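The chain contents come next:
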Amino acid sequence: MAMRKAGVLMPVSALPSRTGAGELGKVAFHFINLLKKNHVKIWQILPLNPVGYGNSPYQPYSSCAGDELYISLELLAEEGLLKEKPEEFQPDVKKVDYDAVRRFREPYLREAFAEFSRKKGQEEAAYKEFAEQSWVYEYGVFRALKMANNGNCWNDWPEEDRTWPENRHALSAEVEAEAQYQMFLQYLFYTQWMAVKTAANEAGIEIMGDVPFYVGQDSVDVWGGKDNFLLDTDGRPIFIAGVPPDYFSATGQRWGNPIYDWDHMKEKNYQFWVDRIGYSNKLFDIIRIDHFRAFDTYWKIPSTCPTAIDGEWIEAPGYEVIDTLQEKLPGLNLVAEDLGELRPEVLVLKDHYHLKGMKILVFSIETGGKYARDTFHDVENMIFYTGTHDNDTVMEWYGKMTCASRRKLRHLLKSHGVKQGSVKDRFLEYTLSNQAEYAIIPMADILGLGGEGHMNTPGTIGSPNWEWHLPDFAQAEKELWKFGNLICKTHRF
């Protein structure tokens, strides 16, 4: 039998910080030590890419780049790239104010770049090696041109900028300097992230990263690889991604991401996917493919439709893509987000590659009958969560139930031998005691938070989505200690 492991889902953005949002500095290393001390073997995060529209990590500017929001200013000061340690800014907050945090951090990052340039840092072998990767300069130019065009989506830029990846025209000195700055930020992010990953691995902890199935329209992926997508002559999507009506939304979810041109990708032997997953494979030990079902069939919505109701299911070449990934990237460890209403072929595809799927506690318990029951067919080769970033916290879910439903639910837990502790701790024990190889609990559920710990509501954009933030580690240290005891009790260490 495979080793059963316990994990924690904690976005980097939500780590406590002196500067308003989580950073890849001392707090990240402290968090790793807390996980190690309490027998946690997996740290799952949300996508680290530069967030775009609505601060959603699922609409990023790039599949490879990291968000400069996470660069630790404190570490830059210690390295001599800043004259002094930054002042505190919005310490101990419970929400991330993305725009304010970016405005605060920007002068420090500019100062670090000036110091790096003065020291001839670009001549360092490590920087040169990083900057020579094909995606790095293209991303730098994308961000520089975006800035020069008032932050507009690249579709609305002048033609010469819109088509720069094809024509590579000479850039103005100002745009070139900004591109170099953006490349420097990526170097900082990469080196700081890899130090965090190394520390986690040395502590016996694997990092589970998250790769969205689609990329954002306003991204270097689309701007620099237009042939990979179904676009019109202006580069705008002809069809867009989403899902039809389901339990999240009566009109479905219209995500707006462009649809892949699978025929073109096949001609290129799926190099787009090999590059994208290959780079993520450097950053993470386990890769969660969000919306995995689209490797089987995807919902194709005409871009003229205002909702996701009108669309059609189209078959995707999932077997060919995953075969290619496994051939080109030996040792690749993928897990599949296989939630929602699926046709059986999705599960056949997942099982063909022996990938772990997912079970969500708050979706699998039915309390409508005489007794509460767990409707999910459990297997070892899966990940059991209390919830994800897309649904109510477990205590928020419990709080919305009728008294009768709560009573039935407590009886269900008791029938599984889970009788002691707070309701929250009983939910955690029930999840950990399952036969699933991985049991992963969002940090908000370990803390027993209600609606204040809710991360995202699908189908809605902007605040308060993605803003939840842990003000400090005081409560987390106590609750992680209790969580560690439950891990021992359920033999997940």
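This text gives an overview of the structure that appears in the document.

What counts and how
Residues numbered from 1 in each chain as written. Predicted model: local features only at pLDDT ≥ 70, side-chain atom pairs only at ≥ 80, totals over all residues. Heavy atoms only, no water. Buried < 20%, exposed > 50% of the residue type's maximum accessible area, 1.4 Å probe, protein only. Helix = DSSP H or I, 4+ residues; strand = E, 2+ residues; numbered from the N terminus. Pairing = 2+ DSSP bridges. Contact = heavy atoms within 4.5 Å. Polar contact = N/O pair within 3.5 Å; in protein donor to acceptor, adjacent residues only side chain to side chain. Phe/Tyr/Trp six-rings, centres within 6.5 Å; stacked < 30°, edge-to-face > 60°. Lys NZ or Arg CZ within 6 Å of the ring centre and 35° of its normal. Expected span 1.5 Å × (residues − 1). Bend = angle between axes of the 7 residues up to and from the residue. Patch = residues over 30% accessible without salt bridge, like charges linked within 9 Å, V, L, I, M, F, W, Y side chains within 5 Å. Areas by Shrake-Rupley, 256 points an atom, 1.4 Å probe, with all protein chains shown as cover. Salt bridge = Lys/Arg side-chain N within 4 Å of Asp/Glu carboxyl O. Lys, Arg positive; Asp, Glu negative; His and termini not counted. Charge placed at Lys NZ, Arg CZ, Asp CG, Glu CD.

Turning our attention to the pairing of strand 10 (residues 357-360). Burial along strand 10 is two-sided: the residues G357 and K359 and M358 and I360 are all buried. Pairing geometry for strand 10 and strand 13 (residues 382-385), over four bridges, is parallel. Pairing of K359 across the sheet is with F384, part of strand 13.

Attention now goes to the environment of N49. Topologically, N49 is positioned in the loop between strand 2 (42-44) and helix 2 (73-78). For N49, a relative accessible area of 9% translates into the label buried. Considering only alpha carbons, one finds N49 and D210, 161 residues apart in sequence, at a separation of 9.9 Å. Setting aside chain neighbours within four positions, we find N49 in contact with P60, S62, S63, C64, A65, G66 and D67. Reaching out from N49, the side chain makes a polar contact with the backbone oxygen of A65 at a distance of 3.1 Å.

Right, let's get into the packing of aromatic side chains. Counted according to the given criterion, the structure contains 45 aromatic pairs. Their ring planes at 70° and their centres at 5.7 Å tell us that F292 and F295 sit as a pair that is edge-to-face. As far as the burial class goes, F292 and F295 line up, both buried. Feature note: the residues F113, F116, Y127, F130, W135, Y139, Y181, F184, Y187, Y190 and Y279 constitute an aromatic cluster, connected by ring pairs. We note K226 situated over the ring of W154; from NZ or CZ to the ring centre the distance is 5.2 Å. Positioned over the ring face of W273 is R276, at 5.2 Å from the centre of the ring.

Look at helix 3 (residues 98-118): 30 Å from first C-alpha to last across 21 residues, which is about the 30 Å you get at 1.5 Å a residue. Along its length, helix 3 shows its largest kink, about 35°, at R105, and proline P107 lies within four residues downstream of that point. Where helix 3 is concerned, the buried positions are Y98, A100, V101, F104, R105, Y108, L109, A112, F113, E115 and F116. Those residues of helix 3 that are buried are in contact with helix 2, helix 4 (125-131) and helix 8 (173-202).

Time to look at the environment of N465. Looking at the secondary structure, you find N465 in the loop between helix 18 (443-446) and helix 19 (474-489). For N465, a relative accessible area of 5% translates into the label buried. Considered as a pair, N465 and N55 are 410 residues apart in the sequence and their alpha carbons are 7.9 Å apart. Setting aside chain neighbours within four positions, we find N465 in contact with M455, N456, T457 and T460.

Together, E159, E160, D232 and D234 make up a region of like negative charge exposed at the surface. Relative to the helices and strands, E159 is located in helix 6 (residues 159-162).

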